[in-house]
Amino acid sequence: MILTIASKELKLLFVSPLAWTFLALIQLMLTWVFLGQLDAFLELQSQLMQIANPPGATEVIIVPVFAVASLVLLVATPLLTMRLMAEEWRNHTMTLLISAPISLTAIVLGKFLGLMIFFLLAMLLAVMLSLSLLIGGAMDLGLLLSNMIGLSLLAACFISIGLYISSLTSHPAIAAVGTLGILLVLWIADVVATNTSSVIQNFSLLRHYESFNRGLIDSFSLAFLVLFILTFLILTIRRLDGKRLHG
Amino acid sequence: MITVNKKLRLHLLLQNGLFVVLLLVLVSMLGYLAFEFRTQWDISQNNRNSLSKASLDVVQKLNGPVMVTVYATHQDPQLGDIRKIISDFIVAYQRIKPDLTLNFIDPIEQPHLAEEAGVRMNGEMVIAFNDRSEHLTTINEQTFTNALMRLARSDQKQLMILSGHGERKLDGIANRDMGDFGKKLTENGFRGEALNLASTMEIPSNTSVLIIASPQTDLMAGEVDILLDYIERGGNLLWLVDQESLYGLLPLAEKLDLTFTPGVVVDPQAKRLRAPITFALGTIYGQHAITEDFDFISVFPFARQIIFNENEKWQGTSLVEVAPEGWVETGELNDAPTFNETDDVAGPVSVAVALKRTIDEREQRIVVVGSGHLLANTYLGNGGNIDFGMNLVNWLAGDEDLITIQPRATIDSQLILKEPALTVMVISFLIVLPLLFLVSGIMIWWHRRRR
């Protein structure tokens, strides 16, 4: 059932020009960063060889690409999640959906999965770019893997919170602005924390993503991101449950 | 049919609120657990986030907490947020040694604390272990691990300083004494002791380094013999020589194949920096373990030139060359000395020499510096003199166990992309793929509109 809803969501996404424009844009931006870094690396590589512990090609070229990809996903998420629920509320199709004999969990997970697959496709573009480096030499595949894990988890966080905000309101615009606002705050939560050991920075998504970005799998970051996703998915299901009970 | 009345609504609200609170409590508890049992794995193939084997060994040998205090401002104009750079660096150590703590102190907000710690640079790091501490100004794995290693050294190294001829004292507070330097040595695990050859007649065998710091009266021939014997047997020596005569130490100079030319080094560069012209500024450092990564200016007041004569016995390196625009003034020193082509030697001149040779399967190390003022209380604060002095003694005391961390190979250090490959990449990724996406989008949109 989850898969049926996911594929319906995906179909909906791909018949709208929005998804295609997004893919074209993200491809353009990532390639731009990629080629810029590649150019810099090719120019500097003879000098890099001379310093002790030089950064490798993967670190110089791929890590910035993934950093940019995370930002693009952050900005895209509100636009894509706003219609997941809010639009259905507005079109009154949600009432039909939640009164249908499907579990609410399946609805939420289906919608979540649908968008997740779309984001994974977008991430595939970054991976393709990265792997094209193999034409020219070796790559740090471990670093690439940790970037992929990090970006997938991050995308899932974005979607889950977007889904929740979208379930709260029947105005897609409000859902979009609200999601973007919250994501931005969570992104730069560590900026306000001047004290390096402050608790706030543990809530900064950027900080957790950074360790993946460097090739480091931090068990706490992993747990934080997973708990984050679960929390908002459960809250969304709960929200729909409340709606089903008493309109 | 349930009618939703006010009471039921409140009930539902409460139930909902309770659920959310319980959920958040559960999640925070799980989060807290994850925080407490935090581990990290470096899965990058280049292991850029991990310590090398050599560092691992050192860190695992340290028993007890290590405290690292960094005196750094929030933002550095050149490096940006250096606190983050430093904490990212330290994390690799903390992963292995959880009781290594890191603290930051802003030297601008708390100048007295910084002053108390003797911190002079932004980003300076003080590593404390047991009751010893060590300052670091450059951070990389090699310097940090070596500092830990020096701190871990449980036995104190014995320094002997020659006395009885008006030498500079390691515990003296007079301007010409080296009390400040002596304190620094103690902090770094050295024990200094005065040695009077007239009463002991022998240099103790546990001496790591013997220091001869600018004697003021002649040594007796018997004393010189003891010194020569010490050198013969492979003892390490730090010899600070001043302007005047060698006070009977000429045989020592001959033994080391050194020539001390008369005259004092004058450096016009110093004058431009508003220092006396007799302050030779050391800016050119030789290739040597002592001066590796050393990027401070050192000041050699009233320095004299030292020439090392190539020979088979000793392997010598000039440590510092001063006064590239100056010369050795042999004439009278007045306010404005001028270069005299017939008598004076044009710069740059060497004022410090390191010698070594292998004896009894160990390395004997000797450093001769042509300026005793270098480490005197009055001048120690100048430039990087204190660091230079510490490096000297550390090397002399034979920190053979100090490690060099081999730069790690990066598997993806090289990319060879030919022009055609690049062109294909640009065309396919930058043009074809985005266009493909756009065209699909437009086609679908157009298709749907027509329907």
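Residues numbered from 1 in each chain as written. Chains lettered and ligands numbered in written order. Predicted model: local features only at pLDDT ≥ 70, side-chain atom pairs only at ≥ 80, totals over all residues. Heavy atoms only, no water.

Right, let's get into the overall build of chain A. For chain A, the count of helices and strands is 10 helices and one strand. In chain A, the succession of helices and strands from N to C terminus is α-α-α-α-α-α-α-α-α-β-α. In chain A, buried positions account for 56% of the 247 residues. For chain A, the proportion of contacts with a sequence separation of at least 24, taken over those separated by at least 6, is 77%. As displayed, chain A has an accessible area near 9800 Å², and 74% of this comes from carbon and sulfur atoms. (Helix = DSSP H or I, 4+ residues; strand = E, 2+ residues; numbered from the N terminus. Buried < 20%, exposed > 50% of the residue type's maximum accessible area, 1.4 Å probe, protein only. Contact = heavy atoms within 4.5 Å. Areas by Shrake-Rupley, 256 points an atom, 1.4 Å probe, with all protein chains shown as cover.)

Taken together, the side chains of Ile427(B), Ile431(B), Val432(B), Leu435(B) and Leu438(B) define a hydrophobic patch exposed on the protein surface, amounting to about 410 Å² of accessible area. Considering the arrangement of structural elements, one finds Ile431(B) in helix 12 (residues 419-450). (Patch = residues over 30% accessible without salt bridge, like charges linked within 9 Å, V, L, I, M, F, W, Y side chains within 5 Å. Salt bridge = Lys/Arg side-chain N within 4 Å of Asp/Glu carboxyl O.)

For the rest of this paragraph, the subject is the sheet that holds strand 4 (residues 124-129) of chain B. Residue and element names in this part refer to chain B. Within the open sheet, the four strands sit side by side as 3-2-4-5. Their pairing is mixed. Each edge of the sheet is formed by a strand with only one pairing partner; in this case those strands are strand 3 (100-105) and strand 5 (132-136). In this sheet, adjacent strand axes meet at a mean angle of 20° when their direction is disregarded. Sheet topology note: the strand 2 (residues 66-71)/strand 3 ladder contains six bridges and is parallel. If you follow Val 68 over to strand 3, its bridge partner there is Leu 102. Each of strand 2, strand 3 and strand 4 touches helix 3 (residues 82-96); the most contacted strand, strand 3, lies at about 170° to it. (Pairing = 2+ DSSP bridges. Axes fitted to C-alpha atoms, helices over the stretch in contact; angles between N-to-C directions.)

All right, on to the side chain of Thr236(A) then. Residue and element names in this part refer to chain A. Within the secondary structure layout, Thr 236 lies in helix 10 (residues 219-246). The exposure class assigned to Thr 236 is buried, which follows from its relative accessible area of 0%. Among residues more than four places away in sequence, those in contact with Thr 236 are Met 85, Val 108, Ser 160, Leu 163, Tyr 164 and Ser 167.

Residues and elements named next belong to chain A. In the numbering used here, UniProt assigns the "transmembrane region" (unreviewed entry) feature to residues 12-35, 61-81, 93-110, 148-167, 173-194 and 215-237. Within residues 61-81, the helical portion is 100% and the strand portion 0%, while the C-alpha atoms at the span's ends are 30 Å from each other. Measuring from the first to the last C-alpha atom of residues 93-110 gives 16 Å, for a span that is 78% helix and 0% strand. (UniProt positions renumbered as here; feature names shortened; annotations may be inferred.)

All names here are of chain B. With antiparallel pairing, the three strands of this open sheet are ordered in space as 11-16-17. Of all the strands in the sheet, just strand 11 (264-266) and strand 17 (345-346) have a single pairing partner and so form its edges. Sheet analysis places strand 11 next to strand 16 (residues 327-329), joined by three bridges and oriented antiparallel. In the sheet register, Val 264 faces strand 16, and the bridge partner there is Glu 329.

It is worth spelling out the pairing of strand 2 of chain B at this point. Residues and elements named next belong to chain B. For strand 2, the buried fraction is high: five of the six residues fall into the buried class. As defined by bridge partners, strand 2 adjoins strand 4 across six bridges and the pair is classed as antiparallel. Its bridge partner lying in strand 4, Val 66 is registered against Phe 129.

Moving on, we come to the UniProt feature "transmembrane region" (unreviewed entry) in chain B. Residues and elements named next belong to chain B. Taking the UniProt record as the reference, the feature "transmembrane region" (unreviewed entry) is found at residues 12-35 and 421-446. Across residues 12-35, helical content stands at 100% and strand content at 0%; the span's end C-alpha atoms are separated by 34 Å. Counting secondary structure, residues 421-446 comes out at 100% helix and 0% strand; the distance between its end C-alpha atoms is 36 Å.

All names here are of chain B. Of all six residues making up strand 4, five are buried, and the element is well covered by its neighbours. Sheet analysis places strand 4 next to strand 5, joined by five bridges and oriented antiparallel. Residue pairing for strand 5: Val 126 is matched across the bridge by His 135.

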